Amino acid sequence: MDILGIDIGGSGIKGALVDTTTGTLSSERIKLLTPQPATPEAVAEVVAELVHQFQWQGGIGCGFPAVISSGVARTAANIDAGWIGVNVEDLLSAATGCACLVVNDADAAGVAEMRYGCGVGRLDTVLVLTLGTGIGSALFYHGQLFPNLELGAFPLKGGFAEHYAAAAVRKRDKLSWRSWSKRLNLFFSEVDRILSPELIILGGGVSRKSDKFMPFLTARAELLPAGLLNQAGIIGAACLAAERLAVVD
């Protein structure tokens, strides 16, 4: 069954058709720039354009960078503050004319990694981190997701962890891979103190360059680059939509 998966990020809005049986993309991925400012109306317009480019009329799964409760955004760490309190599902459904399921973007990526990536068969504590504009996080135990875990908002170095150690910060501050890895290691030590994960899967766009920074990482947990790379959010959102929207092919 093909479902359209969309991943809304701080810099780009990406989409592709996903074969939810195999967890693979069944179309080319299309990426459009996230509008700035990323207001609800502006983002909804870009999502509608993305859906139009796919000529899609079925259900949609969408990963969104916020705590999502019953379709409503409760936070707005890396997107316009105007999203707080907005029913994202209703807004995107109205803009696209399609039934939309909206979940936290890191949760979507985590579900994909647990089903089709590096987390397959793991029943211990697994933490999936998406390193991009911010730091997304998804926690699993015995394969069960604990939704809306916002470790990017964890206090670190006088601010939020994602303001100190996100991939975007490496570019902004012109850090070497080794210097950025030291920041990640400090973050990992705090994560281990609180959650004691056995496996940490590192995703997001930077996962394509894992060879440049993973040799410098140290953590008690096993560290692996995401098996699905930066496609995980699209795949996970589509798979959850196929289940929760009861989409019929």
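To be clear, the structure that these remarks concern was listed above.
All of the points below concern the structure found in this document. Each chain carries its own residue numbering, running from 1 in the direction its sequence is written. It should be noted that, the model being predicted, local features are given only for residues of pLDDT at least 70 and side-chain atom pairs only at 80 or more, the latter also being counted only at that level, while totals for whole chains, interfaces and linings use all residues. As a convention, hydrogens and water are excluded, and side-chain values are obtained from all of the structure's heavy atoms.

## Focus: the overall build of the protein chain
Moving on, step 1. What the protein chain contains, in helices and strands, is 8 helices and 15 strands.
Moving on, step 2. Only C-alpha atoms enter the radius of gyration, while the globule expectation follows 2.2 Å times N to the 0.38, with N the number of residues. By the compact-globule yardstick of 18 Å for 249 residues, the protein chain fits well, its C-alpha radius of gyration being 17 Å.
Moving on, step 3. Principal-axis analysis of the C-alpha atoms places the extent of the protein chain at approximately 45 × 40 × 30 Å.
Moving on, step 4. For each residue, the accessible area found with a 1.4 Å probe, counting protein chains only, is set against the maximum for its type, and the residue is called buried under 20%, exposed over 50%, and partly exposed in between. Evaluated residue by residue, the protein chain yields a buried proportion of 54% over its 249 residues.
Moving on, step 5. Once local pairs closer than 6 in sequence are excluded, the contacts in the protein chain between residues at least 24 apart make up 60%.
Moving on, step 6. Of the roughly 10700 Å² of accessible surface on the protein chain, a fraction of 52% belongs to carbon and sulfur atoms.
Moving on, step 7. Averaging the positions of the 20 positive and the 24 negative side-chain charges in the protein chain gives two centres separated by 12 Å. In this text, helices come from DSSP runs of H or I with a minimum length of four residues, and strands from runs of E with a minimum of two, each type numbered from the N-terminal end. Contact definition: two residues touch when any of their heavy atoms are within 4.5 Å. To be clear on the numbers: accessible area is Shrake-Rupley with a 1.4 Å probe, and residue cover counts the displayed protein chains and nothing else. Charged residues are defined narrowly, with Lys and Arg counted positive, Asp and Glu counted negative, and His plus the chain ends left uncounted. A single reference atom marks each charge: NZ on Lys, CZ on Arg, CG on Asp, CD on Glu.

## Thoughts on unusual backbone geometry
Moving on, step 1. Cis peptide bonds are those with omega within 30 degrees of zero, and the linkage from Gln-36 to Pro-37 qualifies with 0 degrees.
Moving on, step 2. Within the secondary structure, Pro-37 sits in the loop between strand 4 (30–33) and helix 1 (40–54).
Moving on, step 3. Of note in this structure, Gln-55 is not a glycine but carries a positive phi near 50 degrees.
Moving on, step 4. Counting through the fold element by element, Gln-55 comes out in the loop between helix 1 and strand 5 (60–64).
Moving on, step 5. Positive phi is not limited to glycine here, since His-142 has a value of about 55 degrees.
Moving on, step 6. Within the fold, His-142 resides in the loop between strand 10 (135–141) and strand 11 (144–146).

## Looking at the environment of Ile-60
Moving on, step 1. Considering the arrangement of structural elements, one finds Ile-60 in strand 5.
Moving on, step 2. Residues Ile-60 and Thr-21, spaced 39 residues apart in sequence, show a C-alpha to C-alpha distance of 16 Å.
Moving on, step 3. With near-sequence residues (within four places) excluded, Ile-60 lies in contact with Leu-4, Ile-6, Val-51, Thr-96, Cys-98, Ala-99, Cys-100, Leu-101, Ala-241 and Leu-245.

## Section: the environment of Ala-232
Moving on, step 1. Take Ala-232: it is sitting in helix 8 (residues 232–244).
Moving on, step 2. Judged by its relative accessible area of 4%, Ala-232 is buried.
Moving on, step 3. Distance in space between the C-alpha atoms of Ala-232 and Thr-130 is 9.6 Å, their sequence separation being 102 residues.

## Some details on helix 8
Moving on, step 1. Counted at 1.5 Å a residue, the expected span for helix 8 with its 13 residues is 18 Å, and the 18 Å between its end C-alpha atoms agrees.
Moving on, step 2. Burial within helix 8 is extensive, with 11 of its 13 residues counted as buried.
Moving on, step 3. Just downstream of helix 8 lies Ala-246, where phi reads positive at about 50 degrees. By this rule, a helix spans an expected 1.5 Å times one less than how many residues it contains.

## Brief notes about the packing of helix 1 against helix 2 (residues 88–96)
Moving on, step 1. At a minimum axis separation of 9 Å, helix 1 and helix 2 run at an interaxial angle of 50 degrees. Regarding the angle of helix 1 to helix 2, the classification is oblique. Considering the relative orientation of helix 1 and helix 2, their crossing is right-handed. Across the interface between the two elements, Pro-40, Ala-44, Val-47, Ala-48 and Val-51 of helix 1 pack against Leu-91, Leu-92, Ala-95 and Thr-96 of helix 2. For helices, the fitted line uses only the C-alpha atoms of the stretch in contact; every axis is such a line through C-alpha atoms, and the angle between N-to-C directions lies from 0 to 180 degrees. Small angles under 35 degrees read as roughly parallel and large ones over 145 as roughly antiparallel, with 65 to 115 read as roughly perpendicular and the rest as oblique. If you view the pair so one helix is near and one far, a crossing is left-handed when the near helix is turned anticlockwise from the far one by less than a right angle, and right-handed when it is turned clockwise.

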